[in-house]
Amino acid sequence: MDDKKIIFSGVQPSGNITLGNYLGAIKNWVNFQEDYNCIYAMMDMHAITVRQNPAELRKRTLDLLKIYIACGIDPEKSLLFVQSHVPAHAQLSWALNCYTYMGELSRMTQFKDKSARHADNINAGLFTYPVLMAADILLYQADLVPVGKDQMQHIEITRDIAERFNSIYCKEGNPVFKVPEGFLPKSGAKVMSLQEPTKKMSKSDENPKAFISMLDDINVIANKIKSAVTDSEGVIEFRPDDETKAGINNLLTIMAAVTGSTEEKIAQEFAGKGYGDFKKAVAEAVVEEIKPIRKRYDELSESKDYLEEICKNGAERANKIASRTVNKVYKKLGFVL
Ligand code: AQP
């Protein structure tokens, strides 16, 4: 490996990828590829913390790889792999479980949200999800983890676990784990639901009108934006601290993230215009962004062998890097090697 810094990130194939996943994470991954060693995974092991249909999970995992590539992740530049192809994730996760406290895990917002939404299946995996995520990141000695805002709490606990482990076992310096930093995009770090704009846009939302899937039909995307919940004030202004403007704030954020402008500038451009015109413009901008991605995605659907080859090569390379970290950890723990 050269001396470039390391980026690690991933998405779980727990549903069709949303505009939120794209703007909060994947879109930003593309830009890192020149200056960093980038590692991006399909996080299928995380997806089973809620019940999945096996055939759909298998399909969505490969669909996710197609989306990564269609969005501009280049398999020649970035290391792409399926999480379950690398046993070290489960191995390190178990070890780190023994260095993570119940109290820390019970404070995690995602655990609280998901256990409320899946009250019939509050499994141990849902509770220890952040430990597996810590293992994902620490295995590759990542410097930077580009994520959406909802995952920042999990980056914090990853840092705590890494620092704790290092302080117990690496007193003489030479830490086992690099302590990673989270990285948020300027706009789009938290894209909200189109129907309940005080809630995050999620791919597992039961209401399909609440989220835009990157695989939605182009007309469906435009219609979902046009029927997004706003307010009755009729004023296009960016007021991030005003909950009554959550719908308009969200559309401004989406437009800013897609165009590379800022919410304030866009609000100025649309000052005095009606919500109908504004929604139409947001829909057009989003469709323009997604259209070429869809085209490339459809082309990739014809290239099964190419995708399988990427997964195979990715798994080989990832296994090599990850098993090095697991060996270091096992040695520190006192396991017989
Ligand atoms: N609404 C969002 N806005 C911005 N970023 C988002 N991310 C998720 N939702 C938004 C970011 O996308 C990356 C991948 O997320 P994930 O699939 O690993 O898990 P998640 O955060 O739980 O995403 P979802 O869509 O809400 O999935 P479900 O419904 O299965 O729980 C992460 O970087 C995340 O921050």
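Cut-offs and rules
Residues numbered from 1 in each chain as written. Predicted model: local features only at pLDDT ≥ 70, side-chain atom pairs only at ≥ 80, totals over all residues. Heavy atoms only, no water. Helix = DSSP H or I, 4+ residues; strand = E, 2+ residues; numbered from the N terminus. Buried < 20%, exposed > 50% of the residue type's maximum accessible area, 1.4 Å probe, protein only. Contact = heavy atoms within 4.5 Å. Areas by Shrake-Rupley, 256 points an atom, 1.4 Å probe, with all protein chains shown as cover. Lys, Arg positive; Asp, Glu negative; His and termini not counted. Charge placed at Lys NZ, Arg CZ, Asp CG, Glu CD. Core = buried A, V, L, I, M, F, W, Y, C linked by side-chain atoms within 4.5 Å. Expected span 1.5 Å × (residues − 1). Bend = angle between axes of the 7 residues up to and from the residue. Phe/Tyr/Trp six-rings, centres within 6.5 Å; stacked < 30°, edge-to-face > 60°. Lys NZ or Arg CZ within 6 Å of the ring centre and 35° of its normal. Near = heavy atom within 4 Å. Polar contact = N/O pair within 3.5 Å; in protein donor to acceptor, adjacent residues only side chain to side chain. Nonpolar A, V, L, I, M, F, W, Y, C, P; charged D, E, K, R; others polar. Pairing = 2+ DSSP bridges. Right-handed = clockwise from strand over helix to strand, strands pointing away. Axes fitted to C-alpha atoms, helices over the stretch in contact; angles between N-to-C directions. Parallel < 35°, antiparallel > 145°, perpendicular 65-115°, else oblique. Left-handed = near helix turned anticlockwise from the far one by under 90°.

Student: Please clarify how the overall build of the chain should be interpreted in this entry.
Tutor: Of the regular secondary structure elements, the chain holds 13 helices and five strands. Taking the principal axes of the C-alpha coordinates as reference, the chain spans close to 70 × 45 × 40 Å. Residues counted as buried form 54% of the 337 residues belonging to the chain. Counted over contacts in the chain with a minimum sequence separation of 6, partners at least 24 positions apart contribute 75%. As displayed, the chain offers around 16000 Å² of accessible surface, 51% of which is attributable to carbon and sulfur atoms. Computed over 44 positive and 45 negative side-chain charges, the inter-centroid distance for the chain is 3 Å.

Student: Explanation requested: the nonpolar core in the structure shown.
Tutor: Where a protein is soluble and globular, its nonpolar side chains tend to be buried together. Judged by nonpolar contacts, the single largest core of 61 residues is most densely connected at Leu19, Ile26, Tyr40, Tyr68, Ile254, Phe278 and Val286. Broken down by element, this core gets its largest block of residues, 12 residues, from helix α12 (residues 275–300). Residues contacting Tyr68, with those up to four places away along its chain left out, are Gly10, Val11, Ile26, Trp29, Tyr40, Ala41, Met42, Ile73 and Leu80. Core analysis: the second largest hydrophobic core is formed by 44 residues, Met43, Leu79, Ala88 and Val131 among them.

Student: How do you make sense of α12 when you look at a structure like this?
Tutor: Since there are 3.6 residues in each turn of an α-helix, residues three or four apart along the chain are aligned in direction. Taking 1.5 Å per residue as the helical rise, α12 with its 26 residues ought to reach 38 Å, and the 37 Å between its terminal C-alpha atoms agrees with that figure. Of all bends in α12, the biggest is about 30 degrees, found at Ile290, and the proline Pro292 comes one to four residues later.

Student: Whenever I open this one, the packing of aromatic side chains confuses me. Can you help?
Tutor: Any pair of aromatic rings gets described here by the distance separating the centres and the angle formed by the planes. For the structure on display, the rule yields 13 aromatic pairs. Judged by centre distance (5.6 Å) and plane angle (45 degrees), the ring pair of Phe81 and Tyr140 falls under tilted. Placement of the pair is Phe81 in strand β3 (residues 79–82) and Tyr140 in the loop between α7 (124–139) and β4 (144–146), with a sequence separation of 59 residues. Members of the aromatic cluster, joined through ring pairs, are Tyr99, Phe165, Tyr169 and Phe177. The aromatic ring of Phe211 is capped on one face by Lys224, whose charged end is 5.0 Å from the ring centroid. Positioned above the aromatic ring of Phe270, the side-chain terminus of Lys273 is 5.4 Å from the ring centre.

Student: I would appreciate a short explanation of the site of the ligand in the present structure.
Tutor: Around the ligand, the structure places 23 residues, and the nearest of them are Lys114, Asp150, Lys200, Lys203 and Ser204. One nitrogen or oxygen atom from the side chain of Lys200 is found 2.6 Å from an oxygen atom belonging to the ligand. For the ligand, a nitrogen atom lies 2.9 Å from a polar atom in the backbone of Met201. About the coverage of the ligand: the protein hides 97% of its 640 Å² of free accessible area. Residue composition of the shell around the ligand, by class: six nonpolar, 12 polar and five charged.

Student: Teacher, can you tell me more about the pairing of strand β2 (residues 37–42) here?
Tutor: Side-chain positions along a regular strand alternate between the two faces of the sheet. Counting buried positions over the six residues of β2 gives six, a clear majority of the element. Residues Asn37, Ile39 and Ala41 point to one face of β2 and Cys38, Tyr40 and Met42 to the other, with burial holding for every one of them. Where strand β1 (residues 6–11) lies against β2, six bridges are found, and the strand directions are parallel. Bridge assignment links Ile7 to a residue of β2, and that residue is Cys38. This β-α-β element, β1 to helix α1 (residues 19–32) to β2, shows right-handed connectivity. Relative to β3, β2 runs parallel, the two being bridged by four bridges. Counted as the bridge partner of Ile39 is Leu79 from β3.

Student: How do you make sense of the packing of helix α9 (residues 218–226) against α12 when you look at a structure like this?
Tutor: Helix-helix packing is described using two parameters, namely the angle between the two axes and the distance between the axes. Following both chains from N to C, one finds α9 and α12 inclined at 150 degrees, their axes separated by 9 Å at the closest point. As the angle between them shows, α9 and α12 are arranged roughly antiparallel. As α9 packs across α12, the resulting crossing turns out to be right-handed. For the pair α9 and α12, contact is made by Ile218, Ile221, Ala222, Ile225 and Lys226 and by Lys279, Lys280, Val282, Ala283, Val286, Val287, Ile290 and Lys291, respectively. Considering only residue class, the contact of α9 with α12 consists of nine nonpolar, no polar and four charged.

Student: How should I be thinking about helix α8 (residues 152–169) in this particular structure?
Tutor: Over its 18 residues, α8 extends 26 Å from the first C-alpha to the last, a length consistent with the 26 Å expected when each residue adds 1.5 Å. Three or more residues of α8 are buried, namely His154, Ile155, Ile157, Thr158, Arg159, Ile161, Ala162, Arg164, Phe165 and Asn166.

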